[in-house]
Amino acid sequence: KNLPLTSISVELFHSKVHKDDCEECAVDEEDGSGSTGKRKSPIFDRIERNIYVGGALTDAERTRLLEIANKCPVHRTLEHGQVVVVSSLANDDDGR
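The structure displayed is predicted, hence computed values, not measured ones.

1. Looking at the overall build of the protein chain
Thought 1: Across its full length, the protein chain holds two helices and four strands.
Thought 2: Listing every helix and strand of the protein chain by position from the N terminus yields β-β-β-β-α-α.
Thought 3: Residue pairs in contact within the protein chain that sit at least 24 positions apart in sequence constitute 61% of those at least 6 positions apart.
Thought 4: Total accessible area on the protein chain stands at roughly 8600 Å², and carbon and sulfur atoms take up 50% of it.

2. Structural notes on a nonpolar patch on the surface
Thought 1: Nonpolar side chains collect at one region of the surface, where Leu 5, Ile 8, Val 10, Leu 12, Ile 47, Val 74, Leu 78, Val 83 and Val 85 lie side by side and expose about 830 Å² of accessible area between them.
Thought 2: Among the secondary structure elements, those contributing two or more residues to the nonpolar patch are strand 1 (7-18) and helix 2 (73-80).
Thought 3: No other element matches the three residues that strand 1 contributes to the nonpolar patch.
Thought 4: With respect to the element layout, Val 10 can be found in strand 1.

3. A closer look at the confidence of the model for the protein chain
Thought 1: Mean pLDDT over the protein chain: 79, with 73% of residues reaching 70 or higher.
Thought 2: Within the protein chain, strand 2 (residues 26-30) has the poorest average pLDDT of any element, 55, and helix 1 (residues 59-70) the best, 92.

4. Notes on the environment of Arg 46
Thought 1: Considering the arrangement of structural elements, one finds Arg 46 in strand 4 (residues 43-54).
Thought 2: Expressed as a C-alpha distance, the spacing of Arg 46 and Glu 79, which sit 33 residues apart in the sequence, is 10.0 Å.
Thought 3: Beyond its immediate chain neighbours, meaning those up to four positions away, Arg 46 contacts Phe 13, His 14, Ser 15 and Val 17.

5. Some remarks on the pattern of salt bridges
Thought 1: Overall, the coordinates contain two salt bridges when judged by the stated rule.
Thought 2: For Lys 16, the salt bridge identified is with Asp 45, shortest N-O distance 2.7 Å. Residue Lys 16 is found in strand 1, and its partner Asp 45 is found in strand 4; the two are separated by 29 residues along the sequence.
Thought 3: Between Glu 67 and Arg 64 there is a salt bridge, with its nearest N and O atoms 3.5 Å apart. With a gap of three residues between them, Glu 67 and Arg 64 both fall in helix 1, about one helical turn apart.
Thought 4: With a relative accessible area of 35%, Arg 64 lands in the partly exposed category.

6. A look at the side chain of His 75
Thought 1: Among the secondary structure elements, His 75 is positioned in helix 2.
Thought 2: What makes His 75 buried here is its relative accessible area of 19%.
Thought 3: In contact with His 75, not counting residues within four places along its chain, are Arg 49, Ala 69 and Asn 70.

Parameters and conventions
Residues numbered from 1 in each chain as written. Predicted model: local features only at pLDDT ≥ 70, side-chain atom pairs only at ≥ 80, totals over all residues. Heavy atoms only, no water. Helix = DSSP H or I, 4+ residues; strand = E, 2+ residues; numbered from the N terminus. Contact = heavy atoms within 4.5 Å. Areas by Shrake-Rupley, 256 points an atom, 1.4 Å probe, with all protein chains shown as cover. Patch = residues over 30% accessible without salt bridge, like charges linked within 9 Å, V, L, I, M, F, W, Y side chains within 5 Å. Salt bridge = Lys/Arg side-chain N within 4 Å of Asp/Glu carboxyl O. pLDDT = per-residue confidence, 0-100. Buried < 20%, exposed > 50% of the residue type's maximum accessible area, 1.4 Å probe, protein only.

Here you go:
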């Protein structure tokens, strides 16, 4: 992209938050018997991403880098939810 970028690093933080980050986090819910009770609101995963960039970048170039980062396939997948994680365990005999 011909940007004067000299370094870049990304820091992620994961937390669990209640929907709308409410103080009381309780909503009315009917239990099927006609009575209404209180339950906690749904909890969501929140990932905070801090991107650190080095170089003599203009504000427009910094904005463009953030736009590019937001189009990353991992970012787009996480934003849309419904993620399936598949893991496997492999031998490291090749010294990776």
